[in-house]
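# Summary of the model geometry
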Amino acid sequence: GFIKIVENITSVNAKNVVFVNPDTKTIDRVQKMWQQMVITVPDIAIVIGGGTICDLAGFACARYQRGIPRILFPKTVLSMVDASIGGKSGIDYADVKNSIGAIHYPLVTVNYMPFLKNLDKKEYNSGFAEIVKASILYSKDFFEKVYAYSPSKKDFESEELLDIFFTSSQIKARVCEDENKKKVSLLYGHSVGHAIERYETKHLRHGDCIAIGMTIEGAMACMLGIWDELEWKRQQEVIRRFNLPTELPKYIDLKDLAKKMTLYKKLVDKEHYLFSLPKHIGQVNNSSTTYLTPVKRKDVINVLTKTLEWIDKKSE
């Protein structure tokens, strides 16, 4: 038997179908899936939805009956090139993003490109933040492809777009299978980005927050002498081309932001904030041999303040 988990804002009582509201990754969403699984006793789950649903269903399947397989049909750019890859699954808990989870690989992932035709333009563009991130960190040639791509094109099955999706997915999959210290380098833009998401700003999507995070963390890399300013400016050109935000919301206080950044345990230790930063387009900085660049906790507010001032000067 099977259970079908579908992204929808409506809840219905159907034997083999669970409709899940995709606005948050909370335990009550997972419990809803488990309740239906106990009734249907499925051998496999078929999951249709965006990144939130892919994560939720992955965690539900990983824990039900000690694990059942799932087939993913991602419906957004973000879920096609990022959330459906690497086996990660999980929920947000106690105001900490992805704090409870499991590694549970899908049996197969099917990217059905016509799904993207009905995608809101802002949602579509938001997913490209993770594509830009992958190109900045791991492949200069790929960055040039993304740089040349026009997001105004409406052909969702074009060879150019398929190649971008395929290459980005390949990069994510390859790094996910690397040693843990290399895998954490995927978190460029996420130290600041995840902290912004903790403000529950409904008009900012995950990709929007990561775009702001890459803007700030990339500028930090320039200010620290790690990255070249001209390459940062090229990154910003691509980010703006997809109409992604680059400015930290004015209501966010840096002290509070820094506090929220400590909740993401992969990117802090007792004495430091840790950042995945580019060294060149196509190469992540690995000067510390951990792929993470440390900034002392006592210095981070000052560094962030100077970074934002640096960005303002470069934007004049």
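### Description of the overall build of the protein chain
For the protein chain, the helix and strand inventory stands at twelve helices and eleven strands. Its C-alpha atoms give the protein chain a radius of gyration of 19 Å, within 12% of the compact-globule value 20 Å for 316 residues. The principal-axis extent of the C-alpha atoms belonging to the protein chain is close to 60 × 45 × 35 Å. The burial tally for the protein chain puts 54% of its 316 residues in the buried class.

### Some thoughts on the packing of helix α4 (residues 121-138) against helix α9 (residues 206-223)
Two elements in contact, α4 and α9, have axes separated by 6 Å at closest approach and are oriented at 40°. Considered as vectors, α4 and α9 are oriented oblique to each other. With respect to the hand of their crossing, α4 and α9 are arranged in left-handed fashion. On α9, the residues touching Ser126, Ala129, Glu130, Val132 and Lys133 of α4 are His206, Gly207, Asp208, Ile210, Ala211 and Met214.

### Some thoughts on the nonpolar core
Judged by nonpolar contacts, the single largest core of 67 residues is most densely connected at Leu116, Tyr124, Phe128, Ile131, Phe165, Ile196 and Leu257. Core analysis: the second largest hydrophobic core is formed by 22 residues, Val18, Met33, Ala57 and Ile68 among them.

### Remarks on the side chain of Asp55
Among the secondary structure elements, Asp55 is positioned in helix α2 (residues 51-63). In contact with Asp55, not counting residues within four places along its chain, are Lys25, Ala83, Lys88, Ser89, Gly90 and Asn98.

### So, the side chain of His194
Considering the arrangement of structural elements, one finds His194 in helix α8 (residues 190-197). For His194, a relative accessible area of 6% puts it in the buried group. Excluding its chain neighbours within four sequence positions, the residues that come into contact with His194 are Lys97, Asn98, His206 and Tyr264.

### Here we look at α4
Between its first and last C-alpha, α4 extends 27 Å over 18 residues, near the 26 Å set by a 1.5 Å rise per residue. The buried fraction of α4 is high, at 15 of 18 residues. Among the residues of α4, the N-terminal cap falls to Asp120, whose side-chain oxygen and the backbone nitrogen of Lys122 are separated by 2.9 Å.

### Side note on a nonpolar patch on the surface
Among the surface-exposed residues, Leu107, Val108, Val110 and Tyr112 lie close enough to one another that they form a single nonpolar patch of about 360 Å² accessible area. For Val110, the position within the fold is in the loop between β7 (108-109) and α4. Accessibility expressed as a relative area gives 30% for Val110, which makes it partly exposed.

### Regarding the packing of aromatic side chains
The tally for this structure, following the rule as stated, stands at ten aromatic pairs. A cation sits over an aromatic face here: Arg297 above Tyr273, 5.8 Å from the ring centre.

### Here's the deal with the packing of α9 against helix α12 (residues 300-315)
Close contact between α9 and α12 brings their axes to 9 Å; oriented N to C, the two are set at 95°. Between α9 and α12, the interaxial angle falls into the category roughly perpendicular. Two secondary-structure elements touch here, α9 through Thr215, Ile216, Ala219, Met220, Cys222 and Met223 and α12 through Val303, Leu304, Lys306, Thr307, Leu308, Trp310 and Ile311. Looking at the contact of α9 with α12, its residues break down into ten nonpolar, two polar and one charged.

### Things to note about the sheet that holds strand β1 (residues 2-7)
Strand order in the open sheet made by the five strands is β2-β1-β3-β4-β7, with parallel pairing throughout. Either end of the sheet is taken by a strand with one partner, and the two such strands are β2 (17-20) and β7. Pairing geometry for β1 and β2, over four bridges, is parallel. Its bridge partner lying in β2, Val6 is registered against Phe19.

### Details of the pairing of strand β3 (residues 44-49)
Most of β3 sits inside the fold, with five of its six residues counted as buried. In the sheet, β1 pairs with β3 via five bridges, with the strands oriented parallel. Following the sheet pairing, Val6 is matched in β3 by Ile48. The pairing of β3 with strand β4 (residues 70-74) spans five bridges and is classified as parallel. Across the sheet, residue Ile46 finds its bridge partner in β4, namely Ile71. For the handedness criterion, the β-α-β arrangement of β3, α2 and β4 is classed as right-handed.

### Quick look at the environment of Ala94
By the element assignment, Ala94 lies in the loop between β5 (88-93) and β6 (96-103). In the structure, Ala94 is positioned 137 residues away from Glu231 in sequence and 38 Å away in space, judged by C-alpha atoms.

### A few points about the state of the cysteines
Applying the stated rule across the entire model yields zero disulfides. Looking at the unpaired Cys176, the closest cysteine sulfur is the one in Cys54, lying at 14 Å. Accessibility expressed as a relative area gives 10% for Cys176, which makes it buried. With no disulfide of its own, Cys209 lies 19 Å from the sulfur of Cys54, the closest cysteine sulfur. With relative accessibility at 1%, the residue Cys209 sits in the buried group.

Rules of the game
- Residues numbered from 1 in each chain as written.
- Predicted model: local features only at pLDDT ≥ 70, side-chain atom pairs only at ≥ 80, totals over all residues.
- Heavy atoms only, no water.
- Helix = DSSP H or I, 4+ residues; strand = E, 2+ residues; numbered from the N terminus.
- Rg over C-alpha atoms; globule rule 2.2 N^0.38 Å.
- Buried < 20%, exposed > 50% of the residue type's maximum accessible area, 1.4 Å probe, protein only.
- Axes fitted to C-alpha atoms, helices over the stretch in contact; angles between N-to-C directions.
- Parallel < 35°, antiparallel > 145°, perpendicular 65-115°, else oblique.
- Left-handed = near helix turned anticlockwise from the far one by under 90°.
- Contact = heavy atoms within 4.5 Å.
- Core = buried A, V, L, I, M, F, W, Y, C linked by side-chain atoms within 4.5 Å.
- Expected span 1.5 Å × (residues − 1).
- Polar contact = N/O pair within 3.5 Å; in protein donor to acceptor, adjacent residues only side chain to side chain.
- Patch = residues over 30% accessible without salt bridge, like charges linked within 9 Å, V, L, I, M, F, W, Y side chains within 5 Å.
- Areas by Shrake-Rupley, 256 points an atom, 1.4 Å probe, with all protein chains shown as cover.
- Salt bridge = Lys/Arg side-chain N within 4 Å of Asp/Glu carboxyl O.
- Phe/Tyr/Trp six-rings, centres within 6.5 Å; stacked < 30°, edge-to-face > 60°.
- Lys NZ or Arg CZ within 6 Å of the ring centre and 35° of its normal.
- Nonpolar A, V, L, I, M, F, W, Y, C, P; charged D, E, K, R; others polar.
- Pairing = 2+ DSSP bridges.
- Right-handed = clockwise from strand over helix to strand, strands pointing away.
- Disulfide = S-S within 2.5 Å.

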